[in-house]
Amino acid sequence: MTDTTLGQTPAPVQASAQAADPARERLRRWRLVLGGDQADGTGCTLSGRDAAMDGALAALYGKGDKAQTGRDRSAGLGASAPSVARWLGDIRDYFPSSVVQVMQRDAIDRLGLAALLLEPEMLQAVEPDVHLVGTLLSLHKAMPETTRETARAVVRKVVEELEKRLATRTRATLTGALDRSARVQRPRHHDIDWNRTIAANLKHYLPEYRTVVPERLIGYGRAARSVKKEVVLCIDQSGSMAASVVYASVFGAVLASMRSISTRLVVFDTAVVDLTDQLDDPVDVLFGTQLGGGTDINRALAYCQERITRPAETVVVLISDLYEGGIRDEMLKRVAAMKASGVQFVVLLALSDEGAPAYDREHAAALAALGAPAFACTPDLFPEVMAAALEKRPLPIPDPA
């Protein structure tokens, strides 16, 4: 956490303090960053709101369980959900939302707070985000009945925000791709793709008339009236893929809402679960997953392969870190067979904003050799990746640098 995000006071007050004594304001921020140890070198004493803010930071980033003396921090939020809920309320008051989400994740990792997420008052205090949803999904089987509705409300809030952000652009991008992939050679006048038609007939340009006389018309198909493409989302639900599961479930629901795409959503660990019949509600999909456990990619791909009826019109998206617990050679053979039959095969190491996680580089290289390069994909890039796959053109693979 940088000094620019700590100790944010209302803008007029902060600006006034900095204008009055910029050196003192800088010293105050360094004191909040360094934590007040004897060796921090600031000599700065905090009071009021700053002291309370320092206490919230100390509870998470403190030095341990030793006794607190003067300016020393001691880490820990205690064992009760009310104290954690109070701490969550404090950090939401002191810090911007983006910082709050980082601190929440750190609290779950550093202080073992996962079990406290089972308490309703705790859930009501947190700032919902994708990572919190992943934590709730990993715990939902153990949740008491009194907590499940609260957890579901938290998940629904995050899902609805993601749908608002992603759905419109996804539908528009993929509708355009479907239209372009369905060009016909004898289009009606209002279905003519003039750019493609002119490009295909430039050799018939008549200079004396300064015009092109097209011998072949290229037009868009009537995309919305029938299923034109089939998409299979095959999602690894091991614990490291939590954020990817959340985003993939939202995208699955968006794709399922498009009449011209038949969408199947399959999640797997060592078992395979088909959640296609729940795609009308991504929250139901998410609560149908079970994060954690082993991984059998080969078994999942075998299930998907058996259900492909139109390979030339099918896109399979495997979202996995590729740590295979099943039969590696069989997995690669299945991918090769699907590609040979005409399936467009996409491998995403992650579908999240965090970039690529740890992944099996040997398997990634083997898939790339089969013509299925593996790469991490952000949610904002995913519509473009799908559009390219639907049109059977090169995927917009991001630069790893």
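Everything numeric in this text was worked out from a predicted model, so none of it was measured.

Caption draft 1: Representation of the nonpolar core. Core analysis: the biggest nonpolar cluster contains 83 residues, and W87, F95, L117, L136, V317 and F382 have the highest contact counts within it. Among the elements that line this core, the one with the most residues is helix α8 (residues 145-181), at 10 residues. In this structure, A300, V316, L332 and L367 belong to the second largest nonpolar core, which totals 25 residues.

Caption draft 2: Looking closely at the side chain of H363. The topology assignment puts H363 in helix α14 (residues 361-369). Residue classification places H363 among the buried residues on the basis of a relative accessible area of 5%. There is a polar contact of 2.8 Å between the side chain of H363 and the backbone oxygen of L322.

Caption draft 3: Structural context of the environment of D129. With respect to the secondary-structure elements, D129 resides in the loop between α6 (120-125) and α7 (130-139). Relative accessible area serves as the criterion here: at 7%, D129 is assigned to the buried category. Along the chain, D129 and V158 lie 29 residues apart, while their C-alpha atoms are 6.0 Å from each other. Those residues in contact with D129, other than ones at most four positions away along the chain, are Q101, R105 and V158.

Caption draft 4: Structural view of helix α15 (residues 382-391). Within α15, 9 of the 10 residues are buried, which leaves the element mostly enclosed by the surrounding structure. Taken as a whole, α15 has its buried residues at F382, P383, V385, M386, A387, A388, A389, L390 and E391.

Caption draft 5: Local environment of the confidence of the model for the chain. When pLDDT is averaged along the chain, the result is 82; 83% of the residues meet or exceed 70. Taken element by element, the predicted model of the chain shows its lowest mean pLDDT in helix α1 (residues 11-20) (46) and its highest in strand β6 (residues 314-319) (98). Note that residues 9-19 has pLDDT below 50 and, in this model, 9 contacts with residues that lie over four places away or in other chains. Predicted confidence for residues 65-74 stays below pLDDT 50, and this span has 30 contacts to residues more than four positions away or in other chains.

Caption draft 6: Representation of the environment of A85. With respect to the element layout, A85 can be found in helix α4 (residues 81-94). As for A85 and Q124, which are separated by 39 residues in sequence, their C-alpha atoms are 8.1 Å apart. Beyond its immediate chain neighbours, meaning those up to four positions away, A85 contacts E121, M122 and A125.

Definitions and limits used
Residues numbered from 1 in each chain as written. Predicted model: local features only at pLDDT ≥ 70, side-chain atom pairs only at ≥ 80, totals over all residues. Heavy atoms only, no water. Core = buried A, V, L, I, M, F, W, Y, C linked by side-chain atoms within 4.5 Å. Buried < 20%, exposed > 50% of the residue type's maximum accessible area, 1.4 Å probe, protein only. Helix = DSSP H or I, 4+ residues; strand = E, 2+ residues; numbered from the N terminus. Polar contact = N/O pair within 3.5 Å; in protein donor to acceptor, adjacent residues only side chain to side chain. Contact = heavy atoms within 4.5 Å. pLDDT = per-residue confidence, 0-100.

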